[in-house]
Amino acid sequence: MKQGSSNRKVNEQAREVIASILLFEISDPRLSMATITACEVSYDRSVCNVFYTCDKKRYESTAAAFQKAAGRIRSLMARQLSWRVAPQLRFMLDPSVDQAERIATALAHEAERAPVHMPEEEGED
């Protein structure tokens, strides 16, 4: 989907506001280590998909905490933004961090298994 510059700004604005709310307004310890990685706000600003990441061991508790805090985050977000509508928030785990970790682990394993040999330079005495 093509994304215009104004839509990118809206997405980034939503991400910054939600991250700030989590940092300063929400006291749930289950959300203390959650990181907002991205937001996708619908064209009419009625829905905002919020992508987050956290420690693998805390996936379920963090999802439950977001579900519980969604209404409070939405109302605080509405106060901080000058949008006509406060968007419905949908919190989704961002799989890209886990994918990057799997790729890095696979590359490290492959490097250990078959080390790269550099050709010797000619002309050395």
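Residues numbered from 1 in each chain as written. Predicted model: local features only at pLDDT ≥ 70, side-chain atom pairs only at ≥ 80, totals over all residues. Heavy atoms only, no water.

Asks: Please clarify how the packing of aromatic side chains should be interpreted in this entry.
Replies: In this description, an aromatic ring pair is defined by two values, namely the gap between the centres and the angle between the planes. According to the stated counting rule, one finds two aromatic pairs in the structure shown. Plain terms: the ring middles of Tyr-52 and Phe-66 are 4.6 Å apart, the flat faces sit at 45° to each other, and that makes the pair tilted. Of this pair, Tyr-52 sits in strand β2 (residues 47–53) while Phe-66 sits in helix α2 (residues 59–80); the two residues are 14 residues apart in sequence, bridging distant segments of the chain. Across this residue pair, the class does not change: Tyr-52 and Phe-66 are buried. On the numbers, 4.3 Å between centres and 15° between planes, the contact of Phe-66 with Phe-91 is stacked. (Phe/Tyr/Trp six-rings, centres within 6.5 Å; stacked < 30°, edge-to-face > 60°. Helix = DSSP H or I, 4+ residues; strand = E, 2+ residues; numbered from the N terminus. Buried < 20%, exposed > 50% of the residue type's maximum accessible area, 1.4 Å probe, protein only.)

Asks: Would you mind going over the pattern of salt bridges with me for this structure?
Replies: Side-chain pairing between opposite charges can occur once the charged atoms of the two side chains come close. One pass over the full model with this rule turns up four salt bridges. A salt bridge links Lys-56 to Glu-101; the shortest N-O distance between them is 3.6 Å. Here Glu-101 lies in helix α3 (residues 96–113) and Lys-56 lies in the loop between β2 and α2, a separation of 45 residues in the sequence. Take Lys-56: its relative accessible area is 46%, and that puts it in the partly exposed class. As a salt-bridge pair, Glu-110 and Arg-113 come within 3.0 Å of each other at their nearest N and O atoms. Taken together, the residues Glu-110 and Arg-113, both in helix α3 and three residues apart, mark about one turn of the helix. (Salt bridge = Lys/Arg side-chain N within 4 Å of Asp/Glu carboxyl O.)

Asks: Would you take a moment to explain the pairing of β2 for this structure?
Replies: Each regular strand shows side chains that alternate between the opposite faces of the sheet. Counting buried residues along β2, seven of its seven residues qualify, which places the element largely inside the surrounding structure. Across the two faces of β2 the burial is the same, with Val-47, Asn-49, Phe-51 and Thr-53 and Cys-48, Val-50 and Tyr-52 all buried. In this structure, strand β1 (residues 35–41) lies alongside β2, joined through six bridges in antiparallel fashion. In the strand pairing of β2, Glu-40 is matched with Asn-49. Joining the antiparallel neighbours β1 and β2 is a turn of five residues, in which Arg-45 adopts a positive phi near 65°. The pairing of β2 with strand β3 (residues 88–93) spans six bridges and is parallel. Each residue of the ladder has a partner; that of Val-50, found in β3, is Phe-91. Note that the unit made of β2, α2 and β3 has a crossover that is right-handed. (Pairing = 2+ DSSP bridges. Right-handed = clockwise from strand over helix to strand, strands pointing away.)

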